[in-house]
Amino acid sequence: MAHSISALRVPGALRASATLVIFVMGGFVVEAAWGAEARHVWGSFTTTFDHTATDDRARNIRLAAKRLDGRVVPPGRVFSFNEAAGNGYGTASTLVDGKRFDAEGGGLCQVSTTLYNAVLLAGLGIVERSPHSGPVAYAEPGLDAAVSPEEGTDFKFRNQTKHPVLIDARVDGNRLFVTIHGREPLQRKVALSQLREGGRITSVRTISDATGEIRREVLSIDRIPARPETRPETR
């Protein structure tokens, strides 16, 4: 049975050292040595946003990134974005079912989407992901990940590897960076591709390991949302 966790957090000062730390969580022991040699990039993704907006969208993005940053996901465990992001966010413009209104947590979907793409490139397992009801400004159709605790949507992934992975999330100006780090170099190549046909878009991930074995998986088959006359969905 998979257990969802918000993950452990490794402070930035510790991640910069070569200190060995043993975390114990519910009887599960996680060994994490986050030195320079243990900060191998597995997957990284960047999106941009209007950091000068007058609503709370930019603040929400910064707060969510701060709460994700330093999270360690142990081997075999499932990470929940909603659990890690928590609550206490301000209101910002959100478009749902073609209607725009101010809602708490506007901007969180951009953070979950950025994390989703970094996780895809890291080759980690996707447990739960939902598309938006309309196009978003920060990701292509089929590569977004909508989250809403009120509507019961979450983004979850599983660390199916034998080692812990670290989430590195930060904001620099109008750019949001999310990177997945592993203790060992990534021993596989990951490629994403999409096929558009009949108003739908199929997203596929191809993973090839060091032995040359190739595995293809259909990530999602989503309806291609019509472009609205108003600005794209930004939650």
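Above this text is the structure in question.
Residues numbered from 1 in each chain as written. Predicted model: local features only at pLDDT ≥ 70, side-chain atom pairs only at ≥ 80, totals over all residues. Heavy atoms only, no water.

Caption draft 1: Structural context of the overall build of the chain. When you go through the chain residue by residue, the secondary structure sums to 4 helices and 16 strands. Expressed as a percentage of its 235 residues, the buried residues of the chain come to 49%. The long-range share in the chain, meaning contacts at least 24 apart out of those at least 6 apart in sequence, stands at 68%. Counting every atom, the chain has about 11,300 Å² of accessible surface; 51% of that belongs to carbon and sulfur. (Helix = DSSP H or I, 4+ residues; strand = E, 2+ residues; numbered from the N terminus. Buried < 20%, exposed > 50% of the residue type's maximum accessible area, 1.4 Å probe, protein only. Contact = heavy atoms within 4.5 Å. Areas by Shrake-Rupley, 256 points an atom, 1.4 Å probe, with all protein chains shown as cover.)

Caption draft 2: Layout of the packing of aromatic side chains. Summed over all chains, the structure comprises 3 aromatic pairs. Here Tyr116 and Phe155 contribute two aromatic rings whose centre-to-centre distance is 5.4 Å and whose plane-to-plane angle is 80°, an arrangement assigned as edge-to-face. With Tyr116 in helix α4 (residues 108-122) and Phe155 in the loop between β10 (125-128) and β11 (156-158), this pair connects stretches of sequence that are 39 residues apart. Of the two residues, Tyr116 and Phe155, neither departs from the other in class, the shared state being buried. In this structure an aromatic cluster arises from ring pairing among Phe79, Tyr116, Phe155 and Phe157. (Phe/Tyr/Trp six-rings, centres within 6.5 Å; stacked < 30°, edge-to-face > 60°.)

Caption draft 3: Region of interest: the pairing of strand β12 (residues 165-172). Judged from the 2 bridges that link them, strand β6 (residues 71-73) and β12 form a sheet pairing that is antiparallel. Bridging across to β12, Val73 finds its partner in Val165. In this sheet, strand β13 (residues 175-182) lies alongside β12 in antiparallel orientation, the contact comprising 8 bridges. Each bridged residue has a counterpart across the sheet, and for Val171 the counterpart in β13 is Leu176. Counted along the chain from β12 to the antiparallel partner β13, the turn is 2 residues long, and its residue Gly173 has a positive phi close to 65°. (Pairing = 2+ DSSP bridges.)

Caption draft 4: How the structure looks around helix α2 (residues 57-68). Over its 12 residues, α2 extends 17 Å from the first C-alpha to the last, a length consistent with the 16 Å expected when each residue adds 1.5 Å. The complete set of buried residues in α2 reads Arg57, Ala58, Asn60, Ile61, Leu63, Ala64, Ala65 and Leu68. Phi turns positive one or two residues past the end of α2, at Gly70, with a value near 85°. (Expected span 1.5 Å × (residues − 1).)

Caption draft 5: Just the side chain of Ser112, in detail. Of note, Ser112 is situated in helix α4. What makes Ser112 buried here is its relative accessible area of 0%. Only 3.0 Å separates the side chain of Ser112 from the backbone oxygen of Cys109, close enough to count as a polar contact. What Ser112 contacts, discounting residues up to four positions off in sequence, is Phe81, Ala145, Val147 and Phe155. (Polar contact = N/O pair within 3.5 Å; in protein donor to acceptor, adjacent residues only side chain to side chain.)

Caption draft 6: Geometry of the pattern of salt bridges. Taken as a whole and judged by the stated rule, the model has 7 salt bridges. In this structure, the salt-bridge partner of Arg196 is Glu140, at a minimum N-O distance of 3.3 Å. Of this pair, Arg196 sits in strand β14 (residues 188-197) while Glu140 sits in the loop between β10 and β11, placing them 56 residues apart in sequence. Taking relative accessible area as the criterion, Arg196 reaches 48% and is therefore assigned partly exposed. Each of Arg129, Asp144 and Asp222 takes part in a single network of salt bridges with overlapping partners. (Salt bridge = Lys/Arg side-chain N within 4 Å of Asp/Glu carboxyl O.)

Caption draft 7: The arrangement of α4 in detail. Along its 15 residues, α4 runs 21 Å from first to last C-alpha, staying within 8% of the 21 Å computed at 1.5 Å per residue. Burial analysis of α4 places 14 of its 15 residues in the buried class, which makes it a mostly covered element. Of the residues one or two after α4, Gly123 is the one with positive phi, at around 80°.

Any functional reading would require information beyond the geometric quantities listed.
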